[in-house]
Amino acid sequence: MLPNILFPKIKETIEDITKKYPKRPEWLVVTRIAPSPTWFVHIWNVYSAMLDDIFAHKDNWIAFLRIEDTDQKREVEWARFKINEIFKTFWLVFDEGPIWPDNTDIWAYWPYTQSKREYLYKVFAKHLLEMWFAYPCFMTEEEINEVRQNQTIWKQVPWIYGGYSIWRNAKEEDVIKALEEKKEFVIRFKSPGKIGDRVIISDLVKWDVETNDNFLDIVLIKKWGLPTYHFAHLVDDYLMQTTHVFRSDEWYASQPLHEQLFKVFGFQAPKYVHYAPLIKLDNWNKRKLSKRKDMEADVEYYFKLGYPIIAIIDYLANIINAWYEDWRKENKTKSFKEFDFKIEKMSQAGALVDMEKLDFVSKEYIATLEVDELYNLFVSWASKYDSELLKLVNKYPDYTKQALNIERELENPPKRFQKMSDIPAQLNFFFDEVYDKLDINLTELIPNLKLDEIKVFLNNYIAWFNLNQSKDEWFAELKEIASKSGFALNNKEFVEWTHVWKIWDAAMILRVVLCGQRNTPDLYETMQVMWRERVEKRIHNI
Ligand code: GLU
């Protein structure tokens, strides 16, 4: 009677529901990625989706996408769209799931969004109530806290279970009375486990481990009608016939509970693969990458800095299996999906997020690009993050490409860019539209020289310089002019100096005058790209 009072609208049984979903073939391995649409898309989501995608598709398994939005307090409406967009950006494609923008589902196990499955969870909760494996619990926050405090004093596990649960064995009339008084309630699991029970759980990364079985009466359905993660996991992965659950280590401790739930229903539990979380070194302490504290948890952070997608993928793939890096060196043009990833070789300890490593991987990748590819990558980055520079880059594509290509043709080119956001500082000044607005303060930028010295050098330089020379010739002449400028000042001490290292100062003067900054690309090549006219104009204008 109580189940009907609690869920009067639920008429169907779990058998009725099960029949509605086609049985998947026995041999099919089914995995899923189940992100929660909260706030921003975590790099971890991409990492887990990559794992699903990789393992599912290498052996013709399938992987579906499910949106776990039962924690509506933490949910952000647009996050689900972002998730889809970002997965697409990383070429992660799912065989089933909600598709946007109209949020309709593909394939038969719909809906793939948990907030639309409230009815289904209730059918399953009602079933458990009928089997006496669940009960409504009307405990208030204060009552729960009081129980926990007492348990802490008596050194008991602080939770609701066994004799500590006021409503576990309540009389039906008390429940009805509480309902009539409109008291808020949750549905709790009536765990068959007892303190001290042991169970063996298996995991494809961690193998078999004996541990404490669950004895807690955890919440299945929250006050407002949606399920907890634990219950939704049971219902969804049963109905959607998931065979392999890939998920973060943080859920490993709940595996005994989950297996117990599956057992109570008489269902076969899926195989579990718990993998180590992404961690970060914080003052030499390792901790989980935090959505709240760490900028690098947000995928957008990597986009904003302009790491190429392939570089991010390569970096994450290195985390999955360390020898990916060697494979990548040998297979520069292959897709990461062709690498033979091994589940059992994944790190159990936690994968360290190391931005220096990402910089390295990204720099190496950018160095392999043709200049046209680099240009296109930069244009797509600038179209989101640097609209001013974008205009110029679009207006002068050839000039931009030449500027981007500086030093890239050398035998051992220095790898100039780690990411797209490194480029503007090395490109902006090439354009007169930017340069002409610069306020170049020579004595501030070259504090070791006097303005007179600088001018003498520049006058000499402009009379002599010739861009048709080879780099060596050009350099010899720069040295010569620098020393001549020293003579012009008629300062003996200065002349000697000039021969030894004044050449460095001379180059610095040119860098600052031509580019407005001390840090520039190779000076000879920069001048070649700018052409004589622009070089002369910039020197004259000083
Ligand atoms: N929504 C859960 C999370 O984001 C999914 C865990 C799972 O894959 O089962 O942690």
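Our structure is the block above this text.
In this convention, every chain numbers its residues from 1, walking through the sequence in written order. Reporting in this predicted model follows two pLDDT cut-offs: at least 70 for local features of residues, and 80 or more for side-chain atom pairs to be given and counted; totals over whole chains, interfaces and linings ignore these cut-offs and use all residues. Computation of side-chain values covers all heavy atoms of the structure but excludes hydrogens and water.

> I tried to follow the packing of aromatic side chains on my own but got confused; where do I start?
By convention here, two paired aromatic rings are described through the distance between centres and the angle between planes. Pairs were defined over the aromatic rings of Phe, Tyr and Trp, the Trp ring being its six-membered one, requiring ring centres within 6.5 Å. Orientation was assigned from the angle between planes: stacked under 30 degrees, edge-to-face over 60, tilted for the rest. Overall, the coordinates contain 37 aromatic pairs when judged by the stated rule. A centroid spacing of 5.0 Å and a plane angle of 80° characterise the contact between Tyr 161 and Phe 215, whose relative ring orientation is edge-to-face. Within this pair, whereas Tyr 161 is found in the loop between α6 (141-153) and α7 (172-180), its partner Phe 215 is found in the loop between β8 (207-212) and β9 (219-221), the two being separated by 54 residues in sequence. For the pair formed by Tyr 161 and Phe 215, the shared burial category is buried. Plain terms: the ring middles of Tyr 324 and Phe 339 are 5.1 Å apart, the flat faces sit at 85° to each other, and that makes the pair edge-to-face. Of this pair, Tyr 324 sits in helix α12 (residues 324-330) while Phe 339 sits in the loop between α12 and β14 (351-352); the two residues are 15 residues apart in sequence, bridging distant segments of the chain. An aromatic cluster is built from Phe 124, Phe 231, Tyr 238, Phe 265 and Phe 267, whose rings are joined through pairwise contacts. For Lys 206, the ring lying beneath its charged end belongs to Tyr 252, and the centroid distance is 4.9 Å. In this scheme, the term charge over a ring applies when either NZ of a lysine or CZ of an arginine sits within 6 Å of the ring centre and within 35 degrees of the ring normal. Residue placement shows Lys 401 over the ring face of Tyr 375; its charged tip is 4.9 Å from the ring centre. Counting from the N terminus, the helices are DSSP H or I runs at least four residues long and the strands are E runs at least two residues long. Burial here depends on accessible area, computed with a 1.4 Å probe over protein chains only, as a share of the maximum for the residue type. Under 20% is buried, over 50% is exposed, and the range in between is partly exposed.

> Is there a simple way to explain the site of the ligand in this structure?
The full set of residues close to the ligand is Arg 32, Ala 34, Ser 36, Glu 68, Tyr 229, Phe 246, Arg 247 and Trp 251. Separating a nitrogen atom of the ligand from a side-chain N or O atom of Glu 68 is a distance of 2.7 Å. Polar contact is defined as a pair of N or O atoms within 3.5 Å, subject to the rule that within protein one atom must be able to donate a hydrogen and the other to accept it, and that residues adjacent in sequence are counted only when both atoms are side-chain atoms. In the environment of the ligand, an oxygen atom lies 3.2 Å from a nitrogen or oxygen atom belonging to the side chain of Trp 251. Taking 300 Å² as the accessible area of the ligand by itself, protein coverage stands at 83%. Only Asp, Glu, Lys and Arg are considered charged in this grouping, and only Ala, Val, Leu, Ile, Met, Phe, Trp, Tyr, Cys and Pro are considered nonpolar; every other residue, Gly among them, is considered polar. The class makeup of the residues in the shell around the ligand is four nonpolar, one polar and three charged. We call a residue near a molecule or strand when any one of its heavy atoms sits within 4 Å of it. Areas reported as accessible are Shrake-Rupley estimates using a 1.4 Å probe. Residue values count occlusion only from the protein chains shown.

> Teacher, can you tell me more about the sheet that holds β9 here?
Backbone-to-backbone hydrogen bonds join strands into a sheet, with any given pair of strands oriented parallel or antiparallel. Strand pairing is assigned whenever DSSP identifies at least 2 bridges connecting the two strands. Reading across the sheet, the three strands line up as β5-β6-β9 and stay open at both edges, with antiparallel pairing between neighbours. Edge strands, defined here as strands with exactly one partner in the open sheet, are β5 (134-137) and β9. Strand-to-strand, the axes of this sheet are offset by a mean angle of 45°, without reference to chain direction. Direction of pairing for β5 relative to strand β6 (residues 186-189): antiparallel, over a ladder of four bridges. For every element, the axis is a line fit to its C-alpha atoms; helices are fit only across the contacting stretch, and the angle between N-to-C directions ranges from 0 to 180 degrees.

> What is the right way to read the nonpolar core from this model?
Looking at soluble globular proteins, one finds that nonpolar side chains tend to be buried together. In terms of nonpolar packing, the biggest core is built from 59 residues, with Leu 427 and Tyr 461 touching the most fellow members. Looking at this core, the elements with two or more residues in it are α13 (355-368), α14 (371-385), α15 (387-395), α16 (397-404), α20 (451-464), α21 (471-488), α22 (492-515) and α23 (523-540). Residue contributions to this core peak at ten residues, all from α22. Residues belong to a common nonpolar core when they are buried Ala, Val, Leu, Ile, Met, Phe, Trp, Tyr or Cys residues joined through side-chain atoms within 4.5 Å. In this structure, Ile 14, Val 123, Trp 167 and Phe 267 belong to the second largest nonpolar core, which totals 55 residues.

> Any chance you could explain the side chain of Lys 419 here in plain terms?
Within the element layout of this structure, Lys 419 appears in the loop between α16 and α17 (424-427). For this analysis, residues touch if any pair of their heavy atoms sits within 4.5 Å. When sequence neighbours within four positions are dropped, the list of residues in contact with Lys 419 reads Leu 305, Gly 306, Tyr 307, Asp 359 and Ile 366.

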